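# Architecture and fold: a report
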Amino acid sequence: EIGDMDYTLFSTWPHVSLTLNKVVVYSNVITPKDTLLCADSLHACINVGDFLSNDELRVCNLYLGSPRVFARTTAQANNWDVMLPSEPDTTASSPLPPVYVDTLCLADGAIFYQNDTAHYQASVQQIQLNGQAVYTPLQLRALLQMNIDSIAYNEQPANAHYAIHQFSLMADASMHADSVAL
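Since the structure is predicted, the reported quantities are computational estimates derived from the model, not experimental observations. (Residues numbered from 1 in each chain as written. Predicted model: local features only at pLDDT ≥ 70, side-chain atom pairs only at ≥ 80, totals over all residues. Heavy atoms only, no water.)

### Digging into the pattern of salt bridges
All told, the structure shown has seven salt bridges when counted by the stated rule. A salt bridge links R58 to D50; the shortest N-O distance between them is 3.2 Å. Judged by relative accessible area, D50 falls into the buried class, the value being 16%. Notably, a salt bridge pairs R58 with E56, separated by 3.7 Å at the nearest N-O pair. Residue R58 is classed as partly exposed on the basis of its relative accessible area, which comes to 22%. Residue classification places E56 among the buried residues on the basis of a relative accessible area of 14%. (Salt bridge = Lys/Arg side-chain N within 4 Å of Asp/Glu carboxyl O. Buried < 20%, exposed > 50% of the residue type's maximum accessible area, 1.4 Å probe, protein only.)

This is the structure:
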């Protein structure tokens, strides 16, 4: 479900952008269906000129505003198992072109998890993530800075509560065809 959508094509050429507001994805794996994830806004801007002339995908910016993930486990299923099992792919495919993400921003994110079988809940609140990323057939690299306000865990019926408050993480991770570095 999408509240509204806006896009630019020719007025900002070679940059093309898409903005989605009030995005909600429902899961019907568990009855009744429930919200799997939602976001106030999603904005992506790509440079189509780079793709047409250099066969590379350049994402100028990717912004996700107030995303919420609502994961839930019951005795029967996980609400995130929304994809049907796929048949093995026996067709030859061309490699993914190089992908460059100049600016990645996730603002005010949260993850909520509920396990109905084991009777516990967990949450990660106020997630802020900024970064850049590069993918080529020989390299995968990400520069990330993440801030989290709190992680909480509640277990019933023991009435146990655990929490971690405010921490930051900075990472420069890369993987080359023959090595991994953190």
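### A few points about the pairing of strand β8 (residues 139-155)
Where strand β7 (residues 120-136) meets β8, 16 bridges bridge the pair, whose relative direction is antiparallel. Its bridge partner lying in β8, T136 is registered against Q139. The turn joining β7 and β8, which pair antiparallel and follow one another in sequence, is formed by two residues. Relative to strand β9 (residues 160-176), β8 is paired through 16 bridges, and the arrangement is antiparallel. (Pairing = 2+ DSSP bridges. Helix = DSSP H or I, 4+ residues; strand = E, 2+ residues; numbered from the N terminus.)

### Looking at the packing of aromatic side chains
Applying the stated criterion across every chain, the model contains five aromatic pairs. Both rings, one in F70 and one in F112, keep their centres 5.4 Å apart while their planes meet at 10°; by these two values the pair is stacked. Taken together, the residues span a long stretch of sequence, with F70 in strand β5 (residues 68-73) and F112 in strand β6 (residues 99-115) at a distance of 42 residues. Between W80 and Y113 the ring centres are 6.2 Å apart and the planes differ by 50°, which places this aromatic pair in the tilted class. Of this pair, W80 sits in the loop between β5 and β6 while Y113 sits in strand β6, placing them 33 residues apart in sequence. Among the residues examined, W80 registers a relative accessible area of 39% and is labelled partly exposed. Grouped by ring-pair contacts, the aromatic residues W80, Y113, Y120, Y153 and Y162 constitute a single cluster. Taking NZ or CZ as reference, K33 lies 4.7 Å from the ring centre of Y26, over its face. (Phe/Tyr/Trp six-rings, centres within 6.5 Å; stacked < 30°, edge-to-face > 60°. Lys NZ or Arg CZ within 6 Å of the ring centre and 35° of its normal.)

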